[in-house]
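A closer look at the structure
As a plain string of letters, each chain reads:
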Amino acid sequence: MTPFSRPRGWPPPPDSRLRILLLGASGFVGGGLWSYLAPRHEVVGSYATRPVPGLVRLDLRDERRLAALAADGFDLVLHAAGLVPLEAAEADPALAHRLNVRPVEVLLDAVRGSATKLVLLSSDNVFDGTRPQYTEADARSPVNVYGRTKVAAEDLLLAEGGHLVVRIPLVFGRGPWANTFLARLAGPTTAARTDLVCAPVYLPSVGPALARLWDRTGVVHYGGGDVVTRFELMSGVQRALALPTRVVPTEGGSGCRRPPRLVLRSTRHGLLGPGLDEALAHLSS
Ligand SMILES: NC(=O)c1ccc[n+]([C@@H]2O[C@H](COP(=O)([O-])OP(=O)(O)OC[C@H]3O[C@@H](n4cnc5c(N)ncnc54)[C@H](OP(=O)(O)O)[C@@H]3O)[C@@H](O)[C@H]2O)c1
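Residues numbered from 1 in each chain as written. Predicted model: local features only at pLDDT ≥ 70, side-chain atom pairs only at ≥ 80, totals over all residues. Heavy atoms only, no water.

**Examining the overall build of the protein**
When you go through the protein residue by residue, the secondary structure sums to nine helices and 14 strands. Rg of the C-alpha trace for the protein: 18 Å, near the compact-globule value of 19 Å for 285 residues, within the 12% margin. For the protein, the C-alpha atoms occupy an extent of roughly 50 × 35 × 35 Å along the three principal directions. A separation threshold of at least 6 residues defines the contact pool for the protein, and within that pool the share at least 24 residues apart is 78%. (Helix = DSSP H or I, 4+ residues; strand = E, 2+ residues; numbered from the N terminus. Rg over C-alpha atoms; globule rule 2.2 N^0.38 Å. Contact = heavy atoms within 4.5 Å.)

Set out below in C-alpha cells:
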C-alpha cells in the first residue's frame, strides 16, 4: 500500500468556501446535497443519464475522465454516485461492483498524495440487521449484493487513511430533481413492509450534517431521530402530502434479502436527524 499522510490543510478554517466535486449530483441524495452546498461552496456536480442544467456529464466507467476530474485540485470529492436500487445490484453483481467499487479505486489513485479528501456515502446495508442498533464500531456483515459492494468500497477507502466514510440509512423527502423516494408512492396502492424497521433521515438534513462531519476521518454514522417501520414511514409521508395512494401493510417480500432492523447510531458525535413528525411537518409546509 502506498504511504499516505493525512490530506494537507484539513480541517479547513470554519466557514471557508471549499471547492467540492459532487459525484451523483443528479441523484436523489446528491440533489439534496447540491441544494445545500452549491450556495455555500464552489461545487462541480456530475450527472450520468439524467441531465440537469449546470452539472457536468460523467460516466463512472470512463476512468480517465473520472481521474482527471478528481485530480483537478478539489478540497473535497463527495461520492454519491453509483448503482443504488438493491434489486438492480442483486440482478447484476458485476455491474454493481463496476459502479460501486471500482470508481473508488480510481478516485483514490487520482487524489493520492494531494490535498483532496474523499468522502464516500455508504449505507446501513453493510449490516445484517440482527442487532437493535449499530455504531461505527460494529462488525459489518452484509446480506445482499449492494451491501457487499458498499463494504468493498469502504475497505478501499479506509485502507488509505485520511478519508471519510459516512454511512446513512434510508433517506426520505423531496429532491430538487430526482425523486426516487416519492416515486415509491406514485401508484394507486403502495405496499409497505411492517417487518422492516429503520431510522430514516430526512433529505434536507443530510447536507448540513455532512458539512459538520466532513473534517473527520474513518467512519461516521448519521442516523434519523425516530425508529419506525417502513409502513409507518410511508403512511406518514402519504398523509403529510395527501398523496393519492393507499399504503398497504405487507410482510415479507420477494427479491433480494433485506436486513430486518437497521438503526444507525454514533459514538463519535451527537448529531441525529430530525424525528419523523418534525420532518413531515417540514415536508408538507
Ligand atoms: N437513497 C437512500 O435512501 C440511500 C441510503 C443510504 C445510502 N445511500 C447512498 O447515497 C448515494 C446516492 O444514492 P441515491 O439514493 O441518491 O441514488 P440515485 O438517486 O439512484 O442516484 C444515483 C446517482 O449516481 C449516478 N450514476 C449512476 N450510474 C452512474 C454511472 N455509470 N456513472 C456516473 N454516475 C452514475 C446517477 O446519475 P444519473 O441519475 O444522471 O444517471 C445519480 O446521480 C449512494 O452512494 C447510495 O449508496 C442512499
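Now that the structure is up, let's keep going.
**Topic: the packing of helix H2 (residues 63-70) against helix H5 (residues 102-111)**
Packing of H2 against H5 brings their axes to within 8 Å, and their N-to-C directions diverge by 45 degrees. On the basis of their axis angle, the class for H2 and H5 is oblique. Here H2 and H5 pass one another in a crossing that is right-handed. Of the residues in H5, those touching H2 at Glu 63, Leu 66, Ala 67 and Ala 70 are Arg 102, Pro 103, Val 106, Leu 107, Ala 110 and Val 111. Among the residues making up the contact of H2 with H5, the classes are represented as eight nonpolar, no polar and two charged. (Axes fitted to C-alpha atoms, helices over the stretch in contact; angles between N-to-C directions. Parallel < 35°, antiparallel > 145°, perpendicular 65-115°, else oblique. Left-handed = near helix turned anticlockwise from the far one by under 90°. Nonpolar A, V, L, I, M, F, W, Y, C, P; charged D, E, K, R; others polar.)

**A look at the pattern of salt bridges**
Under the defined criterion, the tally for this structure stands at 14 salt bridges. Here Arg 112 makes a salt bridge to Glu 160, at a shortest N to O gap of 2.3 Å. In this pair, Arg 112 sits in the loop between H5 and strand S5 (117-123) while Glu 160 sits in helix H6 (residues 145-160), placing the two residues 48 residues apart along the sequence. A residue is classified by how much of its surface remains accessible, and Glu 160, at 10% relative accessible area, is buried. Measuring nitrogen to oxygen at the nearest pair gives 2.7 Å for the salt bridge that ties Arg 193 to Asp 195. Accessibility expressed as a relative area gives 27% for Asp 195, which makes it partly exposed. Through salt bridges with shared partners, a single network forms among Glu 63, Arg 98, Arg 102 and Glu 105. (Salt bridge = Lys/Arg side-chain N within 4 Å of Asp/Glu carboxyl O. Buried < 20%, exposed > 50% of the residue type's maximum accessible area, 1.4 Å probe, protein only.)

**Some remarks on the packing of aromatic side chains**
Going through the model one piece at a time under the given rule, you end up with three aromatic pairs. Here the aromatic rings of Phe 127 and Tyr 134 are separated by 4.2 Å at their centres, their planes lie at 15 degrees, and the arrangement is stacked. Each member of the pair, Phe 127 as well as Tyr 134, is classed as buried. Taking the centre distance of 5.5 Å and the plane angle of 40 degrees together, the rings of Phe 172 and Tyr 202 count as tilted. Placement of Phe 172 in strand S7 (residues 171-172) and of Tyr 202 in strand S10 (residues 201-202) is noted, with a sequence separation of 30 residues between them. Taking the relative accessible area as the measure of exposure, Tyr 202 reaches 6% and is therefore buried. By the ring-pair criterion, three or more aromatic residues cluster together here, those being Phe 172, Phe 181 and Tyr 202. (Phe/Tyr/Trp six-rings, centres within 6.5 Å; stacked < 30°, edge-to-face > 60°.)

**Describing the site of the ligand**
Around the ligand lies a shell of 28 residues, among which Ser 26, Val 29, Thr 49, Arg 50 and Tyr 146 are the nearest. Gly 27 is positioned such that a nitrogen or oxygen atom in its backbone is 3.0 Å from an oxygen atom of the ligand. Here Asp 59 contributes a side-chain N or O atom positioned 3.2 Å from a nitrogen atom of the ligand. When residues of the shell around the ligand are traced back to their parent elements, those giving at least two are helix H1 (28-37), S5 and H6. (Near = heavy atom within 4 Å. Polar contact = N/O pair within 3.5 Å; in protein donor to acceptor, adjacent residues only side chain to side chain.)

**Points about the pairing of strand S6 (residues 164-168)**
Most of S6 is tucked away: five of the five residues are buried. Residues Leu 164, Val 166 and Ile 168 line one face of S6 and the alternating positions Val 165 and Arg 167 line the opposite face, and both faces are buried. Bridge count for S5 against S6 is five bridges, and the pairing is parallel. What sits directly across from Leu 120, in S6, is Val 165. Tracing the backbone out of S5, into H6 and back to the parallel element S6 gives a crossover that is right-handed. In this structure, S6 lies alongside strand S11 (residues 218-221), joined through four bridges in parallel fashion. Residue pairing across strands places Arg 167 opposite His 221, the latter belonging to S11. (Pairing = 2+ DSSP bridges. Right-handed = clockwise from strand over helix to strand, strands pointing away.)

**Some remarks on the confidence of the model for the protein**
Averaged over all residues, the pLDDT of the protein equals 94, while 95% of them reach at least 70. The low-confidence segment residues 1-9, where pLDDT is below 50, has 19 contacts with residues more than four positions distant or belonging to other chains. (pLDDT = per-residue confidence, 0-100.)

**A short note on unusual backbone geometry**
At Ala 242, a residue that is not glycine, the phi angle is positive and equals roughly 50 degrees. Structurally, Ala 242 is set in the loop between helix H8 (230-241) and strand S13 (246-250). For Ala 242, a relative accessible area of 61% corresponds to the exposed category.

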